[in-house]
Every structure is written in structure tokens, then in C-alpha cells.
Amino acid sequence: MTDYWCERAWLGDGPVDHVLVRADDDTITSVEAGAPPSGHRLSGLVFPGFANGHSHAFHRALRGRTHADGGTFWTWRDAVYRLAARLDPAGYHRLARLVYAEMAMAGYTAVGEFHYLHHAPGGAHYTDQNAMGAALIEAARDAGIRLTLLDTLYLAGGLDATGYLPLSEPQLRFGDGDLDGWLDRTGLLAETPLVRIGAALHSIRAVPASFLPTFAGFTRDRPVHVHLSEQQTENSSCQAYHGCSPTELLSSSGVIGPWTTAVHATHLSGVDIGLLATSFACFCPTTEADLADGIGPAGELTEAGATITLGSDQHVVLDPFAEARALEYGERLRTGRRGRFNPASLVASATHHGYSSIGWPGGGRIAVGAPCDLVAVRTDSVRTAGATVDQLIMAAGASDVDTVVVGGRIVVQDGRHLAIADVGRELAACIEELWA
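Residues numbered from 1 in each chain as written. Predicted model: local features only at pLDDT ≥ 70, side-chain atom pairs only at ≥ 80, totals over all residues. Heavy atoms only, no water.

Visitor: Would you mind going over the overall build of the protein chain with me for this structure?
Guide: Looking only at helices and strands, the protein chain has 13 helices and 18 strands in total. Taken against the 2.2 N^0.38 rule, which gives 22 Å for 436 residues, the C-alpha radius of gyration of the protein chain at 21 Å falls within 12% of a compact globule. Counting over 436 residues, the protein chain shows a buried share of 57%. When the accessible surface of the protein chain is totalled, it reaches about 16,100 Å², and 51% of it is carbon and sulfur. Looking at the protein chain, you have 31 positive and 49 negative side-chain charges, and the mean spots of the two groups are 4 Å apart. (Helix = DSSP H or I, 4+ residues; strand = E, 2+ residues; numbered from the N terminus. Rg over C-alpha atoms; globule rule 2.2 N^0.38 Å. Buried < 20%, exposed > 50% of the residue type's maximum accessible area, 1.4 Å probe, protein only. Areas by Shrake-Rupley, 256 points an atom, 1.4 Å probe, with all protein chains shown as cover. Lys, Arg positive; Asp, Glu negative; His and termini not counted. Charge placed at Lys NZ, Arg CZ, Asp CG, Glu CD.)

Encoded structure:
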């Protein structure tokens, strides 16, 4: 048994004073409000662990390197391909280990990794066909956070009015040849106490429609994620070739349902929003701003019944507070009104771990039976001083995270990662070598 005494803790929809959290290994066994100090003291405000619902770990090496020449999402993608070509399993592990450590220091205790970098350049298979996925699993273990590996089906190089395009040279390492190849490879992946295996469709651009019903049938019992309507071009290509929107195509193929997370969900029609009413929508506001994607209809999706979660995607920043605020700020800019998402609903979006989203039942709560994932945030920094604790999410930043507990074990203390002495220095060296 381990006791964590919280000066204040976020229980349900708001902060409560003097909360004693008792854990047996990974799981919270009791939560007592108004308790006297006992065990490890966590100062400030203790949130449930934050969930990063959408990550491409290797994109972290692009931060601060894609802004000189302007361009669009499609020109930015060229840099992604150049970076991907430089990674092998050892390099992927080294980078991801540090990215996940940076996440932990920011307060993320779980990450949904949208993983499509499967094979060697040119598409050759490593001896272990899941060597790249194994690198991510080991990296998360080293960093001490939960991982949901969303192994991604990627079979086509794009879609235009004439149909599906073959994989380009940089994309060959993303593909498994066909659906059976993907199923055979992913069938070898195994879960552990801190690892869940989910599934993903890269996008309707990357998976021909003929494969969608079979994919849906094989993945109904686990979280399924898909990039959806991030770009207007995707919508127009799908309309030109299939005569419907990407959401309509996925829905008619059985892919859309309560187990589905639509990532970005930026350019949706009213019909699309209705079809997503029982699903999840993972917004990545800092990436969507960086890539000039647009601002998605988060408010309308919520009103329809969809659950909004948050991710950091390409890691322009790794800061759950920044992503949460950007969700609300996007709504303000789009609608001219404040408070579409109040602080309590932003905390809910930022901490949602649910089984159907990234596979962790009970995650995102400080409650009996939930995973013991806790994030203590300072209330006395220059950023948080003067803020009321119930609105701290609108003032704090990643640098205010003091202590992070994952599965009942402290992985970050006094803002420092306990297993990796200097994450920043190692990241700098790793990224410089990748681009050298």
C-alpha cells in the first residue's frame, strides 16, 4: 500500500481539500477527503493523469524546423517523409524514450501512439516485423508512462478523382502490402500492464474503401482511431471518387461507432457531425494551428453527443494545459463567445483515458478502482499565482508540473524525470544527430 496526501485534489468536477489517496500497486483502493497528512505529500492541486490521445513520437524532431518557407500541410509532409527515412529501430527508441519522458514531465501519464512507421526504408521487413513498434513500447516503459499502440493500416499513397494512388517511395515503409499482412503482423503484438494494443486507419486517403468493412469487423473489440477530414482536399477527393464525405464513407463501412476516435475532425458537415454523435473526436489544437488545418466544430460535436479528447500530434508543444486552452480559444475565435468549454469540461477532455478512446478503463479519475495516476501542479508559480484552483487549467503550464505518479510510482519529482537525468540535453543531441 502507498499513501499520497494531496493538499487539494480534483475529484469529479472540481478541487477538494486534503485528500488521502491510497493505492495498492497500480490501482487506487481508497480516496478520503478531509484527511490528515499521511504518506507522500503532494502540494498544489493534484489532477488525474493527463492523456495524450494522439501522438506521432518521431514528429518531435520537426519542432522549430519547418517554419522558414511557409507552405501548406502538404509541403510540411515532405519534411515528415525526410525525417522518417532517417529512423531505424534503435534511433526510434532513443528519440521516443525522450519524447515520452518530456510528456511525463508535462503531466501526461498515458499516450495513444498513432504508429505507422513499420518497416525499413523501401518497405523491407526487419527480422522482427514489429521492431519499430517494439521500440516504442520499450521507450514508454523507460519513460514510465502508459502506452496505447495504435498500430496503423496504411496501404495507398493517396486518393484523387481517379481513385487510389500507389504508395510513393517514402511511404513504402508504412505499408504491409494488404490487410492480411497488417493483421498477421499486428497479431504478434502483446499487451502488458502498461501497454494496450489498439488499431488505426491512417485516413480514407491511405486505405482503399474495399478494405474498410473487413477492417471494421476485425477491430470492433478495441480502440480504433482515424485521421478524419483534417484537410479540405481529403473531403473533395472523397466526394469526387466516392460521392460522399469521408465520415459517410467510414460510417457506411461499419468503421464509425462508440469505439471510434476521429482525429482532427476539422472540416465536417452537419450530416458528418450526426454520424459521429456516439464517437470520440480527438482535437490537437496546437498542431491544427501550426499546420493551418482550421478550427473544427468541437462545440457542435459535443452538443451532438460526441466526447472530445485531446492530443499533441506533432508535438509543437508538449503541454496538456496549452492544448486544453486552445480548444476553448478556438471556439471563442470561431463563435465570438466565451466559455463553450468551461474549466471542468476542459479537465475532462484533457484527462480522458476511457477504454474506447485509448484503452484504460477508469483512467482520468481519482477514484476507487482507477489507475493510480496523479499529477501535482504548483499553485504558487508566476503563472499560477492568484488563479483560483478550480480554474487552474486556464493558467498553468507544463513547467508548473511538480510531481507525476504513474501506476502508483513516482516518475517525475520537483519537475525532474527520475530515470533520465537531463531530458533536454539528450533530446538536443538526439535530434541534431538525426538531421546531421
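Visitor: I keep staring at the side chain of Asp 272 and nothing clicks. Help me out?
Guide: Tracing the sequence through the fold places Asp 272 in helix 8 (residues 270-275). For Asp 272, which is buried and forms no salt bridge, the nearest opposite charge comes from Arg 334, at a distance of 13 Å. Separated by 2.6 Å, the side chains of Asp 272 and Ser 245 make a polar contact. Apart from residues no more than four positions distant in its own chain, Asp 272 is found in contact with Ser 245, Thr 247, Glu 248 and His 267. (Salt bridge = Lys/Arg side-chain N within 4 Å of Asp/Glu carboxyl O. Polar contact = N/O pair within 3.5 Å; in protein donor to acceptor, adjacent residues only side chain to side chain. Contact = heavy atoms within 4.5 Å.)

Visitor: How do you make sense of the pattern of salt bridges when you look at a structure like this?
Guide: Note that side chains of opposite charge can pair when their charged atoms are close. In this structure the tally under the stated criterion is 22 salt bridges. The partner of Arg 185 in a salt bridge is Asp 151, and the shortest N-O contact between them spans 2.7 Å. Of the two residues, Arg 185 sits in helix 4 (residues 179-186) while Asp 151 sits in strand 7 (residues 146-153), which places them 34 residues apart along the sequence. Looking at Asp 151, the relative accessible area reads 1%, which means it is buried. In this structure, the salt-bridge partner of Arg 383 is Asp 400, at a minimum N-O distance of 2.8 Å. With Arg 383 in the loop between strand 15 (374-377) and strand 16 (401-406) and Asp 400 in the loop between strand 15 and strand 16, this residue pair connects regions lying 17 residues apart in the sequence.

Visitor: What's the story with the layout of surface pockets in this structure? I'm lost.
Guide: A probe matching the size of a water molecule, rolled over the atoms, marks out where space remains unfilled. Taken as a whole, the largest pocket encloses approximately 310 Å³ of empty space. What lines the largest pocket is a set of 22 residues, and nearest its centre among them are Val 347, Ala 348, Ser 349, Thr 351 and His 352. Put simply, the parts of the chain that give the lining of the largest pocket at least two residues each are strand 14 (307-310) and helix 12 (343-351). Here the lining of the largest pocket takes 6 residues from helix 12, the largest share from any one element. When grouped by side-chain class, the residues that make up the lining of the largest pocket number 10 nonpolar, 10 polar and 2 charged. Volume-wise, the second largest pocket comes out at about 200 Å³. Lining the second largest pocket, in full, are Leu 62, Arg 65, Thr 66, His 67, Ala 68, Asp 69, Gly 70, Thr 75, Trp 76, Ala 79, Arg 82 and Trp 435. The element best represented in the lining of the second largest pocket is helix 1 (residues 73-84), accounting for 4 residues. Here the lining of the second largest pocket is composed, by residue class, of 5 nonpolar, 4 polar and 3 charged. (1 Å grid on protein atoms, 1.4 Å probe; cavity = no way out; pocket = protein on both sides within 12 Å on 5 of 7 lines; lining within 4 Å. Points joined across faces, edges and corners; volume = space filled by probe spheres on them. Nonpolar A, V, L, I, M, F, W, Y, C, P; charged D, E, K, R; others polar.)

Visitor: In this structure, what is going on with the pairing of strand 4 (residues 40-48)? I would like to understand it.
Guide: A regular strand places its side chains on the two faces of the sheet in alternate fashion. Taken together, the 5 bridges between strand 1 (residues 2-11) and strand 4 define a ladder with parallel strand orientation. Paired with Trp 5 across the strands is Arg 41, a residue of strand 4. (Pairing = 2+ DSSP bridges.)

Visitor: Looking at this structure, I do not really get helix 13 (residues 423-435). What am I missing?
Guide: Because an α-helix packs 3.6 residues into every turn, residues spaced three or four apart end up facing the same way. Along its 13 residues, helix 13 runs 18 Å from first to last C-alpha, staying within 8% of the 18 Å computed at 1.5 Å per residue. Looking at the buried residues of helix 13, the elements they touch are helix 1, helix 2 (89-106) and strand 18 (416-417). (Expected span 1.5 Å × (residues − 1).)

Visitor: Help me understand the nonpolar core, please; the structure alone is not making it clear to me.
Guide: Soluble globular proteins: nonpolar side chains tend toward being buried together. Counting 115 residues, the largest nonpolar core has Phe 58, Tyr 100 and Leu 301 as its most contacted members. Element by element, the count of residues in this core is highest for helix 2, at 10 residues. Other than its neighbours up to four places away in sequence, Leu 301 contacts Ala 265, Leu 268, Ile 273, Leu 276, Ala 281, Phe 283, Ala 306 and Ile 308. Counting residues in each nonpolar core, the second largest holds 15 residues, with Cys 6, Ile 28, Ala 376 and Val 405 among its members. (Core = buried A, V, L, I, M, F, W, Y, C linked by side-chain atoms within 4.5 Å.)

Visitor: Looking at this structure, how should I read empty space enclosed by the protein?
Guide: Applying the stated criterion across every chain yields a total of 3 cavities of 30 Å³ or more. For the lining of the largest cavity, the leading source of residues is helix 1, giving 5 residues. Tallied by class, the residues present in the lining of the largest cavity amount to 8 nonpolar, 6 polar and 4 charged. Here the second largest cavity defines a volume of roughly 40 Å³. Taken together, Ala 51, Gly 53, His 225, Thr 261, Cys 282, Thr 309, His 352, Ser 357 and Ile 358 make up the full set of residues lining the second largest cavity. Class assignment for the residues of the lining of the second largest cavity results in 3 nonpolar, 6 polar and no charged.

Visitor: Is there a simple way to think about the packing of helix 2 against helix 13 in this case?
Guide: In a packed pair of helices, the relevant descriptors are the angle between the two axes and the axis-to-axis distance. It is at 10 Å that the axes of helix 2 and helix 13 come closest, and there the two elements cross at 145°. When you trace helix 2 past helix 13, the crossing you get is left-handed. Between helix 2 and helix 13, the contacting residues are Arg 94, Leu 95, Arg 97, Leu 98, Val 99, Ala 101, Glu 102 and Met 105 on the first element and Val 423, Glu 426, Leu 427, Ala 429, Cys 430, Ile 431, Glu 433 and Leu 434 on the second. For the contact of helix 2 with helix 13, the class distribution of residues is 11 nonpolar, no polar and 5 charged. (Axes fitted to C-alpha atoms, helices over the stretch in contact; angles between N-to-C directions. Left-handed = near helix turned anticlockwise from the far one by under 90°.)

Visitor: Just to check I follow, could you spell out the packing of aromatic side chains for this structure?
Guide: The description of two aromatic rings rests on the distance between their centres and on the angle between their planes. Taken as a whole, this structure holds 14 aromatic pairs when the rule is applied. Ring geometry for Phe 47 against Phe 50: centres 5.5 Å apart, planes inclined by 45°, an arrangement best described as tilted. One aromatic cluster in this structure is built from Phe 58, Tyr 81, Tyr 92, Tyr 116, Tyr 154 and Phe 174. (Phe/Tyr/Trp six-rings, centres within 6.5 Å; stacked < 30°, edge-to-face > 60°.)

By themselves, these figures tell us nothing about what the structure is for.
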